Structure formats: structure tokens, C-alpha cells
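Inside the fold
Spelled out from the first residue to the last, the chains are:
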Amino acid sequence: MTSRVKSPVRWDAVEPGDSVDLKRNGRTVYSGVVDTRTDDGDVVWVTAPAGGRRLFHIADGYDLAGVPA
């Protein structure tokens, strides 16, 4: 089951299956579905619709935004 989250979101609030955008300086740099995250929410792995999986760390300056349903 895929859930949707509202924008913006806390990193520790997303769950696998949530659709998200990773933004930097107000621009979306990566979009996809949360594959997994660390318990503290500092790291998320996001899978892109076209394939591929990428790791993002909260300290790298990304904002995490939910994709509206």
C-alpha cells in the first residue's frame, strides 16, 4: 500500500512507500518513493520511477517534501 504525505515533512516521519521530492534551494532535485529510512530519520533511500535507488542524508542540505495525492 502506497501512502502519500503532505509537504513539507520531517525526515523521521516518512515511511516506505511514501512519494517524496528532495529539494535544495527550493528546486526539486530528485523525486521518488521512499524505499527505507534509518530509525532516527537522518538517512532515507529513495527509488526513482525510472529505476535506481539513491541515499540522501539530512545533513547534506536537502529538504524533504511529500508529493500530494
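Residues numbered from 1 in each chain as written. Predicted model: local features only at pLDDT ≥ 70, side-chain atom pairs only at ≥ 80, totals over all residues. Heavy atoms only, no water.

**Some points on the environment of V29**
Positionally, V29 belongs in strand β2 (residues 27-37). Here V29 falls in the partly exposed class, since its relative accessible area comes to 41%. Each C-alpha atom of the pair V29 and Y62 lies 9.0 Å from the other, and the pair is 33 residues apart in sequence. (Helix = DSSP H or I, 4+ residues; strand = E, 2+ residues; numbered from the N terminus. Buried < 20%, exposed > 50% of the residue type's maximum accessible area, 1.4 Å probe, protein only.)

**Notes on the environment of D40**
Position of D40 among the secondary structure elements: in the loop between β2 and β3 (43-47). For the pair D40 and D12, spaced 28 residues apart in sequence, the C-alpha separation works out to 6.0 Å. In terms of polar contacts, D40 uses its side chain to reach the backbone amide nitrogen of D42, at 3.0 Å. (Polar contact = N/O pair within 3.5 Å; in protein donor to acceptor, adjacent residues only side chain to side chain.)

**Details of unusual backbone geometry**
Even without glycine at this site, N25 takes up a positive phi of about 55°. Mapped onto the elements of the fold, N25 is located in the loop between β1 (19-24) and β2. A relative accessible area of 76% means that N25 is categorised as exposed.

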